[in-house]
Amino acid sequence: MTIAASTDPWHFALVGTPNSGKTALFNALTGSRQKVANYPGVTVERKAGLLQTPSGHSVNLIDLPGTYSLRGRSPDEEITRDVVLGRIASETVPDLLMCVADATNLRLALRLVLELKRVGRPLLLVLNMFDIAQRRGIKIDLARLSAELGVPVVTAVAVRRDGTGELLRRVDDLGVSHFGATGENTWAPPTAAELRAAQREADRIIKAAIAMPERPDTLTARLDAVLLHPVAGLAILLALLFLMFQAVFSWARPLMDLIQLGFDSLGELAHDALPAGLLQSFVQDGVISGVGSVIVFLPQILILFLFILLLEDLGYMARAAFLMDRIMGSAGLHGRAFIPLLSSFACAIPGIMATRVIDNKRDRLTTILVAPLMTCSARIPVYTLIISAFIPARQVWGFVNLQGLVMFGLYGAGIVSALGVSFVAKYFFWHERETPPFMLELPDYKLPRVRGVAMGLYLRAMMFLKRAGTTIFSMMVLIWFLASFPRPPDGATGPAIDYSLAAMIGRALEPVLAPVGFNWQINVALIPGMAAREVAVAALGTVYAIEGGKEAAAQIGQALADKWSLATALAVLVWYIFAPQCASTLAVIRRETGGWRFMWVTFAYMLALAYVASFITYHVAVALGAG
Amino acid sequence: MSDRRQPTNGHASLPLGKAPCGFRGFIDAIKVHETAGGLTAAEIENRLIELGFVEGAHVEILHEGAFARDPIAVRVNNATIALRRREAMAILAVADGHE
């Protein structure tokens, strides 16, 4: 295992069609030794990782965005093309292109291989999911396939523990001869005639080297008969979304209580260990209760991501896009916008970044414009807190939790307003009638693998905790500072916070926000909420803790129930559906749209919606006696 | 893999966009007439080919959407592709048994 030290690492690039299991293979090969960054000047994610071959050679592996060809129809696909062709100065020209293909569905992948051959770089075809192909009785003559293509072929099972051994041994063999001679690059964007010819050639090779089973696997077709059924399919999709939100609200409870208990005891410990005074208040109210009140939402965020990851791995996401295409189309959205918008339920940032799969510029802008209206996980803490303080935990209709129902309603309001805004944008703003094509491969259903899902969850949890440790932590320190200084003058009678900077800011905003039912404590919480929505919860906690003494800190919800009217609570909930309360989202919009204009458009329309909607909510609620 | 047959040069061919759910046949020609959403006819043709819609491929309409029976899910040889009926109008197919 010491040869590697003396030689330069190899550089490999993973290329493949969507749904080829490329990411699973990348994860299997590099494990946790991954680094995610951006390509210079563009917002395409650059995923790279390290691995070692059995002979001890180091390999830098880069996972390129999935594509059907090198024509580069979107920013993602342009990156794949440019790295493969060695056009990016900061990227090493790959020593080997590994083209990943789903062994059960080779037709489109083989056409891509034929196109990649023209680049003249060493090429290896990896038949992934080979176990499934064998189980289904698909007979692949590997020698014949390799001979016909003129490319070495190796099999792999990315999701199995030892599934990449064969691939790595083959890489070592090929490495001895420097992966074969490199030829001249004769690639040029293929014409329709060339694409046709290549697909015919791929079909000929398939006929020569692959024998399909007598009785093909019909599981996917049988499942689709139900899941894509015009009525049952839509009903199931709706039921799935409903289950998802009920789960987020009720399954996470025990874990959240446990985390809350942990932070409360930690706060008590700090309280007892430190002398009374500024430091004690800083550690207990500022740091522990502040960060704790955000981390407590980790279980809910993980449950939401668990659903998204499972549905993605299962192959259901493409079906959801199919079912929703027409409905979203009537609101002026592209069917492909469904996946970015669904991701926005976790966080608008990955959602906005996922809009890159939409190649039409205006459709993409419309999707970006409405993505922040999808209820992201950072709103969950705010919703949960207010709902549990003001909405009784009753069962309605025998089986539905009323709190869960309100939560579902808030999500629903986000969705409906997103559809409304996109409708207005499409037909009044763009004046556009035509919708661009919707074409999407529906992959076979596959059982999600525990390892892949666990890895995805781990990455999300780490991202959230890192955020809690940095952005949220620093915001909490700021809030504590604003709420604690200046100190009250000697002989002051009111609570200390009344003399603080926080109170001054909150009161300064009162003339603007009093009409929607907000008190100055809410106004203070809204400001750090710009850095991260969930901080508002912790900020409220800090404000009320410093105001009301230590006992209040343990029960933010109780404090709110005592101090807010139901009308105010509802107005805050509605405010949070619409308000552009997230600086990172706005920054991503600026980056993704390449300018300030759409960031300000988003900010302005969301702020206007938030103000008007909470104004109406507050006054209707007051009129109905909830004031 | 299904047998592939020679194109039949047009007679009795039907745009896939007009075919009912359950339709089975072979692609006779790809002819894109209209542009859509800022894409040229040539670009739409390229995309259809990249998803496997080439002359001689076997197609079957497996599913259709709830509203206006749109979009459709089409089995092309061994893969399933979802597309709208409007784009499927460019795919001219001859039903099994009518070639």
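Residues numbered from 1 in each chain as written. Chains lettered and ligands numbered in written order. Predicted model: local features only at pLDDT ≥ 70, side-chain atom pairs only at ≥ 80, totals over all residues.

### Notes on the overall build of chain B
Within chain B, the regular secondary structure consists of two helices and six strands. Counting from the amino terminus, helix and strand elements in chain B follow one another as β-β-α-β-β-β-α-β. Counting over 99 residues, chain B shows a buried share of 48%. Partitioning the intrachain contacts of chain B with sequence separation of at least 6 by distance along the chain shows that 62% fall at a separation of at least 24. (Helix = DSSP H or I, 4+ residues; strand = E, 2+ residues; numbered from the N terminus. Buried ≥ 20, exposed ≤ 12 C-beta atoms within 10 Å, placed from the backbone. Contact = placed C-beta atoms within 7 Å.)

### Some remarks on the interface of chain B and chain A
Facing 35 residues of chain B, the contacting portion of chain A comprises 34 residues. Counting only elements with at least two residues in the side of chain B that touches chain A, the list comes to helix 1 (41–50), strand 3 (58–67), strand 4 (70–76) and strand 5 (79–83) of chain B. A total of seven residues in the side of chain B that touches chain A trace back to one element, the largest contributor, which is helix 1 of chain B. For the side of chain B that touches chain A, the class distribution of residues is 18 nonpolar, nine polar and eight charged. Of the pairings in the sheet, the one linking strand 12 (residues 439–441) of chain A to strand 5 of chain B comprises three bridges and is antiparallel in character. Bridge assignment links Met439(A) to a residue of strand 5 of chain B, and that residue is Leu83(B). (Nonpolar A, V, L, I, M, F, W, Y, C, P; charged D, E, K, R; others polar. Pairing = 2+ DSSP bridges.)

### Describing the sheet that holds strand 2 (residues 24–30) of chain B
The antiparallel open sheet is built from seven strands, whose spatial order is 12(A)-5(B)-4(B)-3(B)-2(B)-6(B)-1(B). Each edge of the sheet is formed by a strand with only one pairing partner; in this case those strands are strand 12 of chain A together with strand 1 (13–15) of chain B. Recorded for the sheet is a direction-independent mean angle of 40° between the axes of neighbouring strands. (Axes fitted to C-alpha atoms, helices over the stretch in contact; angles between N-to-C directions.)

### Quick notes on the environment of Gly491(A)
Along the chain, Gly491(A) falls in the loop between helix 19 (450–484) and helix 20 (501–513). The sequence separation of Gly491(A) and Ala418(A) amounts to 73 residues, and the corresponding C-alpha distance is 53 Å.

### Notes on the pairing of strand 6 (residues 91–95) of chain B
Looking down a regular strand, the side chains alternate between one sheet face and the other. As paired elements, strand 1 of chain B and strand 6 of chain B share three bridges and run antiparallel to each other. Among the inter-strand pairings, Ser13(B) is bridged to a residue of strand 6 of chain B, identified as Val94(B).

### Points about the confidence of the model for chain A
Mean pLDDT over chain A stands at 84; residues scoring 70 or higher make up 93%. Across residues 1–6 of chain A, where pLDDT falls below 50, the model places nine contacts with residues more than four positions away in sequence or in other chains. (pLDDT = per-residue confidence, 0-100.)

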